Amino acid sequence: MKKLIGVLIISFLVMLTACNQPVEDSQEEQPVEENEEGGVEEEVIDEEETDGEQGENGEHEDGNDVESPGGAENGEGEIEIADEKELTFEIEGQTETRVAQFNRSELGYGIYVLEGYTLHSEEPGRDVLVFNNDGDFFTRIIPHKNEGSAEELKGAIEEHAQGEIENLQDLPMSSLQYALKESVEISGERTTIYHLAKEVEGELFQLTVFLPAKEAQEGVAPSMLAMLETVHP
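If you're wondering where the values come from, they're calculated on a predicted model, not measured in any experiment.

A. Summary view of the overall build of the chain. On a plain count of helices and strands, the chain comes out with four helices and 12 strands. Per-residue burial for the chain yields a buried fraction of 30% across its 233 residues. For the chain, the proportion of contacts with a sequence separation of at least 24, taken over those separated by at least 6, is 40%. Roughly 16,700 Å² of accessible area belongs to the chain as shown, and the carbon and sulfur atoms make up 44% of that amount.

Below, the structure is given as structure tokens:
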């Protein structure tokens, strides 16, 4: 009987010892780094780096689109200009639609030119837009960036006019600062001259259209005006 009691006591002590044994954490402790002062440094997560990181498709992961610089169409800060443009105008009461090609002048401006016309450099600071079938039909184009004003140009035209001057009405052009019509005789031929000033994006363009009294005038005049409407810096 004493032996049985002794066995039970030993068994109870073994079980009690096992219960008091510390349980090891299944996860290994992460090593910590000490700073130079002996303190423990904790890893700090930069919220700005993780919140809304930009993905490869140009969008933030938080759903916000990334805007291209300047909102340019080609993504490089420059606005793309079409090589061709359809111009619509009336010739003898009939509506015409023709394709024009973009031209960039050495003077820095752009214009769409119809087939059968050519843009030339006439002399420093001015160009001419010429009707290929008859060079007597042409327009002189002079850009005035920061030089002079429409009022000064108009005053000079009225002062030096060689023929009768009158105001032109209802021309199919926008942003005109003035529109004058002059009738003169050049080399024995009656010629109508349109004196126009068009302001585009703060830049002033002086346009002088020469239209001899020939049969081609009916088609050349509206064609010239349609092309001049596309002039821009």
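B. The arrangement of the side chain of His144 in detail. Position of His144 relative to the elements: it lies in strand β8 (residues 138-144). Taking the relative accessible area as the measure of exposure, His144 reaches 14% and is therefore buried. In this view, His144 contacts Leu153, Glu203, Leu204 and Gln206; residues no more than four positions away in its chain are not counted.

C. Broad picture of helix α3 (residues 150-160). Burial in α3 covers these residues: Ala150, Leu153 and Ile157. Looking straight down α3, one finds that the buried residues subtend no more than 65° of arc, so they occupy a single side. Opposite the buried face of α3, at more than 90 degrees from it, the exposed residues are Glu151, Glu152 and Glu159. Summarising the contacts, the buried residues of α3 are in contact with β8, β9 (164-167), β10 (176-186), β11 (189-200) and β12 (203-212).

D. Region of the structure containing the packing of aromatic side chains. This model, assessed by the stated rule, comprises five aromatic pairs. Ring geometry for Phe102 and Tyr112: centres 5.3 Å apart, planes at 65°, overall edge-to-face. On the criterion of sequence distance, the pair formed by Phe102 in strand β4 (residues 94-104) and Tyr112 in strand β5 (residues 110-114) is long-range, its members being 10 residues apart. Look at Phe102 and you get partly exposed, because its relative accessible area is 22%. Ring geometry for Tyr117 versus Phe131: centroids 5.2 Å apart, planes at 40°, classification tilted.

E. Inspection of the sheet that holds strand β3 (residues 84-91) at higher detail. Ordered in space as β3-β4-β5, the three strands form an open sheet in which the pairing is antiparallel. The open sheet has two edge strands, β3 and β5, and neither has a second partner. Within this sheet the neighbouring strands show an average axis-to-axis angle of 45°, counted without direction. In the packing of helix α4 (residues 217-228) onto the sheet, the strands contacted are β3, β4 and β5, and the crossing angle to β3 comes to about 140°.

F. Spatial organisation of the nonpolar core. Counting 34 residues, the largest nonpolar core has Ile111, Tyr117, Leu129, Ile141, Leu196, Met227 and Leu228 as its most contacted members. For this core, the secondary structure elements donating two or more residues are β3, β5, β6 (117-123), β7 (126-131), β11, β12 and α4. Examining the composition of this core, we find that seven residues originate from one element, α4, more than from any other. With sequence-adjacent residues up to four places away left out, Tyr117 is seen in contact with Leu129, Val130, Phe131, Asn132, Gly219, Val220, Ser223, Met224 and Met227. Counting seven residues, the second-largest nonpolar core is a separate cluster that includes Ala150, Leu153, Tyr178 and Ala197.

G. Geometry of α4. In a regular helix each residue adds 1.5 Å, so 12 residues correspond to 16 Å; α4 covers 16 Å between its end C-alpha atoms and thus fits that length. Where burial is concerned, most of α4 is hidden: nine out of the 12 residues are buried. The complete set of buried residues in α4 reads Val220, Ala221, Pro222, Ser223, Met224, Leu225, Ala226, Met227 and Leu228.

H. Up close: the pattern of salt bridges. One pass over the full model with this rule turns up seven salt bridges. Salt-bridge contacts for Arg140 lead to Glu122; the nearest nitrogen and oxygen are separated by 2.8 Å. Here Glu122 lies in strand β6 and Arg140 lies in strand β8, a separation of 18 residues in the sequence. Taking the relative accessible area as the measure of exposure, Arg140 reaches 19% and is therefore buried. Judged by relative accessible area, which is 32%, Glu122 ranks as partly exposed. For Lys214, the salt bridge is made with Asp134, and the minimal N-O distance between the two is 2.8 Å. Of this pair, Lys214 sits in the loop between β12 and α4 while Asp134 is found in the loop between β7 and β8, placing the two residues 80 residues apart along the sequence. Each of the salt bridges in this network shares a partner with another, and the network as a whole consists of Asp134, Asp136, Glu189 and Lys214.

The rules behind each value
- Residues numbered from 1 in each chain as written.
- Predicted model: local features only at pLDDT ≥ 70, side-chain atom pairs only at ≥ 80, totals over all residues.
- Heavy atoms only, no water.
- Helix = DSSP H or I, 4+ residues; strand = E, 2+ residues; numbered from the N terminus.
- Buried < 20%, exposed > 50% of the residue type's maximum accessible area, 1.4 Å probe, protein only.
- Contact = heavy atoms within 4.5 Å.
- Areas by Shrake-Rupley, 256 points an atom, 1.4 Å probe, with all protein chains shown as cover.
- Arc of directions from axis to C-beta.
- Phe/Tyr/Trp six-rings, centres within 6.5 Å; stacked < 30°, edge-to-face > 60°.
- Pairing = 2+ DSSP bridges.
- Axes fitted to C-alpha atoms, helices over the stretch in contact; angles between N-to-C directions.
- Core = buried A, V, L, I, M, F, W, Y, C linked by side-chain atoms within 4.5 Å.
- Expected span 1.5 Å × (residues − 1).
- Salt bridge = Lys/Arg side-chain N within 4 Å of Asp/Glu carboxyl O.

In short, geometric facts, not functional conclusions.
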